[in-house]
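A structural walkthrough
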Amino acid sequence: MKKVLILGSTGSIGINTLQIIRTFKDEFQVTGLTANSNIHLLKKQIDEFHPKAVVVGDEKKAEELRLLCGSSCKIYHGNEGLIRITREGDYDILVSALVGFVGLAPTMEGIKLKKRIALANKETLVTAGEIVTGLCEETGAELLPVDSEHSAIFQCLSGENKKEIERLILTASGGPFLNKNKDEFGNVTIEDALNHPNWKMGSKITIDSATMMNKGLEVIEAFWLFKLPKEKIDVLIHPQSIIHSMVQFIDGSMKAQMSHPDMKLPILYALSYPARYNYSEVKTDLGKINQLTFFEPDLHKFTCLKIAYDSIREGGTSPCILNAANEVAVKKFLSGRIKFSEIPDLIEDALNSVEKSVNPDLETIFHTDFKTREYLNKKYN
Ligand code: MN3
């Protein structure tokens with residue numbers, strides 16, 4: 001029986017992870033859960049899975065939850081609570097599914113303790129890829145990708161020699177605005193942007209899919225996970241989202257991993273690896289899908305993807321600034337303060353204005369993240 005701690009249990013990845021654990025009750029046991037504000041769902045999860053400890057966003061939420069739960073489990077709160085549960089918690093697998101930069105510090109705690117990390121938090125590798133992968137090598141912690149693209153590449157590379165890889169091809173659905181012209185981007189509404197054609201996800205990542213920043217962040221993650229030169233990581237639009245990514249080898253052969261788009265599959269693989277479990281909930285019938293199409297992304301239209309590529313080329317704290325600026329810009333778009341078309345403008349402004357560092361340590365990364373948010377929040381209040 002593997003013990004599982006889920007950071008972000010009321011989010012989309014967290015809910016799907018619990019669905020998998022519900023199906024494989026004899027294999028996995030939940031020992032810890034965390035949620036930011038949705039304590040009513042967290043209460044239901046506590047009643048069903050009986051974790052030993054949970055974390056909520058702040059003290060007020062912790063008090064509310066104590067009234068609901070009594071003393072059935074330990075309740076911590078805030079960032080200190082996240083550090084405490086990852087440092088002291090009793091677990092084998094850390095499902096790192098918090099949204100945003102806040103996921104970095106608790107994930108590092110799991111790596112220090114040599115746990116298996118089922119990584120769904122993009123920011124961990126985007127902002128601190130060098131430090132995080134270095135620490136994994138040092139401690140022997142396993143980093144298993146939950147994101148469907150990286151899980152696909154990880155599966156395609158099984159049994160292969162890294163020296164024989166020609167290139168990685170991350171597929172992208174293209175999001176809801178694939179067929180819109182760039183000059184229409186100024187008028188798209190929040191509802192339009194939240195309406196993803198293939199994947200049901202949280203609001204931050206859905207907006208990132210609409211701008212294609214999501215794919216940019218994934219290219220940066222792939223660079224750190226698979227340690228290949230940046231030139232060997234390509235993006236291809238594949239609107240059906242059946243092929244989750246591909247690897248091309250030096251002999252010209254390609255491997256692709258396919259399934260109906262459902263996050264439960266990469267989650268299950270990250271939990272069960274190296275085994276595959278018998279699971280029949282998600283059916284893939286290629287006969288019904290009829291056709292798979294592909295085309296090159298338009299970097300002029302999807303400026304965010306181009307900016308992300310540039311930031312990997314620049315390295316250092318550039319991806320950290322990119323990430324923080326994008327988080328701020330998406331928040332401002334979702335609260336109606338800026339237009340969809342202004343998201344890349346804010347990110348470029350931050351990349352041109354916030355002080356950069358070539359070889360950052362963890363402290364510099366936290367400082368740069370803070371400075372980027374401060375800069376944009378002051379300027380675009
Ligand atoms: Mn993805």
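Just so you know, these numbers come straight off a predicted model, no measurement behind them. (Residues numbered from 1 in each chain as written. Predicted model: local features only at pLDDT ≥ 70, side-chain atom pairs only at ≥ 80, totals over all residues. Heavy atoms only, no water.)

As a further point, take unusual backbone geometry. The amide bond that connects Y273 to the next residue, P274, takes the cis arrangement and shows omega of 5 degrees. Tracing the backbone through its elements, the reader meets P274 in the loop between α11 (264-272) and α12 (286-289). At H50, a residue that is not glycine, the phi angle is positive and equals roughly 50 degrees. Structurally, H50 is set in the loop between α2 (39-49) and β3 (53-56). A positive phi is found at M212, a non-glycine position, where the angle reads about 70 degrees. Assignment of secondary structure puts M212 in the loop between α9 (203-211) and α10 (213-226). (Helix = DSSP H or I, 4+ residues; strand = E, 2+ residues; numbered from the N terminus.)

Another aspect to go through is the coordination of the manganese ion. Ligation of the manganese ion by protein atoms is provided by D147 (OD), E149 (OE) and E218 (OE), these donors lying 2.1 to 2.2 Å from the ion. The motif formed by the donor residues of the manganese ion, counted along the single chain, is D-x1-E-x68-E. Taken together, the positions of E149 in helix α7 (residues 148-156) and E218 in helix α10 put the pair 69 residues apart, joining distant regions of the chain. The same class applies to E149 and to E218, which are both buried. (Donors = N, O, S within 2.8 Å, 3.2 Å for Na, K, Ca; no water. Buried < 20%, exposed > 50% of the residue type's maximum accessible area, 1.4 Å probe, protein only.)

It is worth spelling out the environment of D369 at this point. Along the chain, the position of D369 falls in helix α16 (residues 362-379). The exposure class assigned to D369 is buried, which follows from its relative accessible area of 5%.

Turning next to the packing of aromatic side chains. Two aromatic rings are characterised by how far apart their centres lie and by the angle between their planes. Tallied over the entire structure, the rule returns 13 aromatic pairs. A ring pair is formed by F154 and Y269, whose centres lie 6.4 Å apart and whose planes are at 70 degrees; its orientation type is edge-to-face. Of this pair, F154 sits in helix α7 while Y269 sits in helix α11, and the two are 115 residues apart along the sequence. Judged by relative accessible area, F154 falls into the partly exposed class, the value being 22%. Relative accessible area serves as the criterion here: at 9%, Y269 is assigned to the buried category. (Phe/Tyr/Trp six-rings, centres within 6.5 Å; stacked < 30°, edge-to-face > 60°.)

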